[in-house]
Amino acid sequence: MKPIHQGVLKNLSVAVLMGGPGKERDVSLRSGAAVARAVAACGAKVTAIDVPGTHLDIPAGTDLVFNMIHGTFGEDGDLQAILEDRGIPFTGESSRGSRMAFDKIETKAAFDRAGVPTSAWTVVHRSSSLEFSLPCVIKAPRQGSSVGVHIIHAASEIPAALADCFQYGDR
């Protein structure tokens, strides 16, 4: 039996963006290569593009950009804003939605406003002096899901976790 999705992308020119300048570059290169193979199997003409920085060269005639850049630049709204400005269709959320979703503090606040239950949370600033209930999670708010995350079981782990997270910003 032929899968429903087969042929949906047939003859489209799809640029699969991967890599990126962030900490999750290596994972992005692997997942981007896998997506490029899958999209080609669906009948698309695929151009796999390793994006080492924040400059984009998208081939003329590209029908769709499939974004596989993880973390900063790929998920934080910056890439999406560039593609929106150029009028190039792309997978995923808009620049506005990406910026909000990428910032864990903004996301938690939006969940609170909407009445969506989440675990207790607080914003820690460099100058904060807080007591933490253990166990807890300390996370850099504007990094990918696997960067700057620490599961804390002992108070002695907190200073190193905060130092790691503060290398990415003041919150």
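In what follows, the structure referred to is the one given above.
Thresholds, definitions, all that
- Residues numbered from 1 in each chain as written.
- Predicted model: local features only at pLDDT ≥ 70, side-chain atom pairs only at ≥ 80, totals over all residues.
- Heavy atoms only, no water.
- Helix = DSSP H or I, 4+ residues; strand = E, 2+ residues; numbered from the N terminus.
- Areas by Shrake-Rupley, 256 points an atom, 1.4 Å probe, with all protein chains shown as cover.
- Lys, Arg positive; Asp, Glu negative; His and termini not counted.
- Charge placed at Lys NZ, Arg CZ, Asp CG, Glu CD.
- Buried < 20%, exposed > 50% of the residue type's maximum accessible area, 1.4 Å probe, protein only.
- Contact = heavy atoms within 4.5 Å.
- Pairing = 2+ DSSP bridges.
- Right-handed = clockwise from strand over helix to strand, strands pointing away.
- Salt bridge = Lys/Arg side-chain N within 4 Å of Asp/Glu carboxyl O.

K.L.:
If you had to explain the overall build of the protein chain to someone new, which residues and values would you point to?
P.N.:
Within the protein chain one finds five helices and five strands. N-terminal to C-terminal, the α/β element order of the protein chain is β-α-β-β-α-α-α-β-β-α. Projecting the C-alpha coordinates of the protein chain onto the three principal axes gives extents of approximately 60 × 35 × 30 Å. Accessible surface for the protein chain amounts to roughly 9,900 Å². Of this, 56% is attributable to carbon and sulfur atoms. Within the protein chain, one finds 17 positive and 18 negative side-chain charges whose respective centroids are separated by 6 Å.

K.L.:
Outline the side chain of Gln80, supporting the account with residue identities and numerical values.
P.N.:
Tracing the chain through its elements places Gln80 in helix H2 (residues 78–86). Taking relative accessible area as the criterion, Gln80 reaches 5% and is therefore assigned buried. Residue contacts for Gln80: discarding those within four places in its chain leaves Asn67, Phe73, Gly74, Glu75, Phe90, Glu93, Ser94, Ser95 and Ser98.

K.L.:
How would you sum up the pairing of strand E2 (residues 45–51)? Please name residues and give values.
P.N.:
The sheet contact formed by strand E1 (residues 13–19) and E2 spans seven bridges and is parallel. Its bridge partner lying in E2, Val16 is registered against Ala48. Once the chain exits E1 it traverses helix H1 (residues 25–41) before rejoining the sheet at E2, and the crossover so formed is right-handed.

K.L.:
If you had to explain the pattern of salt bridges to someone new, which residues and values would you point to?
P.N.:
Evaluated as defined, the whole model comprises four salt bridges. A salt bridge links Arg171 to Asp103, with the shortest nitrogen-to-oxygen separation between them at 3.1 Å. Here Arg171, found in the segment after helix H5 (158–166), pairs with Asp103, found in the loop between helix H3 (95–102) and helix H4 (104–114); they are 68 residues apart in sequence, far enough to count as distant. Classification of Arg171 by relative accessible area gives partly exposed; the value is 35%. With relative accessibility at 2%, the residue Asp103 sits in the buried group. Asp170 is paired through a salt bridge with Arg126; the nearest N and O atoms lie 2.5 Å apart. In this pair, Asp170 sits in the segment after H5 while Arg126 sits in the loop between H4 and strand E4 (136–139), placing the two residues 44 residues apart along the sequence.

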